[in-house]
Amino acid sequence: MPFLDETFGIGELARLTGVPVRTVRFYCDEGIVESVRSAGGHRRFDPAAVERLGLVRRLRGLGLGLPSVRLVLAGERSVAEVVAAERAALDVQLAGLAWRRASLRAVEEAGPADRAARLELVAAVQDGGAARDVLIDFWRRTMVSSVSSASGAMLDVFVALAVPAPPVDPTPGQVVAFAELVALAGDRALARTLLAMARSNAELVSDEAALMAGIGEACALARPLVRAGEAPGAGPALDRFVDAHASVRGGRDTPGFRGQLLAHVAADRDPRMRRYWRLAAEAGGEPVTLGASHLWLTDSLALSVGDGGPDGRGRARAAAFPPVGGAVPGGRREESAGTG
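Summarised in this report is the structure supplied together with it. This structure is a prediction, so every number in the text was calculated from the model and none was measured.

### Here's the deal with the packing of helix α13 (residues 255–264) against helix α15 (residues 290–304)
Thought 1: At a minimum axis separation of 9 Å, α13 and α15 run at an interaxial angle of 135 degrees. For the element pair α13 / α15, the angle class is oblique. Taken as a pair, α13 and α15 cross one another with a handedness that is left-handed. In this structure, α13 contributes R258, L261 and L262 to the contact, and α15 contributes T298, L301, A302 and S304.

### Considering the sheet that holds strand β2 (residues 36–37)
Thought 1: Overall, antiparallel pairing links the three strands, which are arranged β1-β3-β2 in an open sheet. At either margin of the open sheet sits one strand with a lone partner, and together these are β1 (8–9) and β2.
Thought 2: In terms of strand pairing, β1 meets strand β3 (residues 43–45) through two bridges, oriented antiparallel. Across the sheet, residue F8 finds its bridge partner in β3, namely F45.

### So, α15
Residue pairs spaced three or four apart in an α-helix point in one direction, given the helix's 3.6 residues per turn.
Thought 1: Across its 15 residues, α15 extends 21 Å between first and last C-alpha, which sits within 8% of the 21 Å expected from 1.5 Å per residue.
Thought 2: What α15 keeps buried is the set G291, A292, S293, H294, L295, W296, L297, T298, D299, S300, L301 and A302.
Thought 3: Elements in contact with the buried residues of α15: α11 (208–227), α12 (236–249), α13 and α14 (271–284).
Thought 4: Positive phi shows up at G306, right after α15, with a value of about 70 degrees.

### A closer look at the pattern of salt bridges
Thought 1: Scanning the model with the defined rule gives 19 salt bridges in all.
Thought 2: Measuring nitrogen to oxygen at the nearest pair gives 2.9 Å for the salt bridge that ties D91 to R87. Linking D91 with R87, this pair stays in helix α5 (residues 79–109), spanning four residues, or about one helical turn.
Thought 3: According to the relative accessible area criterion, R87 is partly exposed, its value standing at 48%.
Thought 4: One salt bridge connects R258 with D253, and the closest N-O pair in it is separated by 2.8 Å.
Thought 5: Judged by its relative accessible area of 12%, R258 is buried.
Thought 6: Judged by relative accessible area, D253 falls into the partly exposed class, the value being 37%.
Thought 7: Among the ionic contacts, a cluster of salt bridges with common partners joins D187, D270 and R272.

### Some words on the nonpolar core
Thought 1: Formed by 39 residues in total, the largest nonpolar core has its most connected members in W139, L194, Y276 and W277.
Thought 2: Of all the secondary-structure elements, those providing two or more residues to this core are α5, α7 (128–143), α8 (152–162), α9 (172–185), α10 (188–204) and α14.
Thought 3: With nine residues, α9 is the largest single contributor of residues to this core.
Thought 4: Not counting residues within four places of it along the chain, the set of residues in contact with W139 comprises F158, V159, A162, V163, L194, M273, Y276 and W277.
Thought 5: If you look at the next biggest cluster of nonpolar residues, it comprises 24 residues, including A218, V248, A292 and L297.

Thresholds, definitions, all that
Residues numbered from 1 in each chain as written. Predicted model: local features only at pLDDT ≥ 70, side-chain atom pairs only at ≥ 80, totals over all residues. Heavy atoms only, no water. Axes fitted to C-alpha atoms, helices over the stretch in contact; angles between N-to-C directions. Helix = DSSP H or I, 4+ residues; strand = E, 2+ residues; numbered from the N terminus. Parallel < 35°, antiparallel > 145°, perpendicular 65-115°, else oblique. Left-handed = near helix turned anticlockwise from the far one by under 90°. Contact = heavy atoms within 4.5 Å. Pairing = 2+ DSSP bridges. Expected span 1.5 Å × (residues − 1). Buried < 20%, exposed > 50% of the residue type's maximum accessible area, 1.4 Å probe, protein only. Salt bridge = Lys/Arg side-chain N within 4 Å of Asp/Glu carboxyl O. Core = buried A, V, L, I, M, F, W, Y, C linked by side-chain atoms within 4.5 Å.

What follows is the structure, given as structure tokens:
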């Protein structure tokens, strides 16, 4: 600390920095700004206190807490680092507020007869992150047996594709869709059905990673067809799908094998899974999900063995697969393949 004649009194420091005297005293008591005492017991500050206090004022003006300010003053964090951390924390808060606002609107906009049920539905989901965690846990529980020998990375990729990311600024419809997905994930009967299929695959499939990769290629081939509203049917996408299964099940693509395969993927065509993928598309804002493409393939498989399309009556309804964003006869808009 310089000689006392080179220092400032607390009033002058407050004037130079624009920080009230009372606040300067508080910062001194907190150890943020150093001072010495004059012979008369008054606080005195060196010239460096002007710059230091000015920095504190600017950081506090941005809403940073004293712990972050201390880290900067101690040289343990840069201004850029603490500002980035504060911004990230604010993003989380804003996302929570956006979710809450959309939830309130969802209840507000529900009809009188539906409002109580809507309130119960959306109130069960705290926010988008919590909803996503429930869905991730659902898939990990129902797939654990089928990918036990596959790489964890493959499972992570599937889960990332199967679980929509919560939007930053969700609509009421998206909040409701997420809430319905969470409710669906709580369906124990559905979980048991999927787990039974997973265990069966674990016994019959020789290379789960290769199967998942092959199905991914088939879904990629089917995706533009789903987007264009093409009805399920024969073609390279279905052939790749069947070949992916045949190559790891010790079989070959024959009518008999296709019939057996259809029985193995029955759980994927369960109406509850169709609902899951419809809701996932709505929640994530992605009209053609992984599930939509996969359902298109399984429906194509059903047609190829004469076991029916999406309606289970031996034929696929072209109107059930309109172009994404398109309309069907009568003016009623419907969703893409495998999402309804």
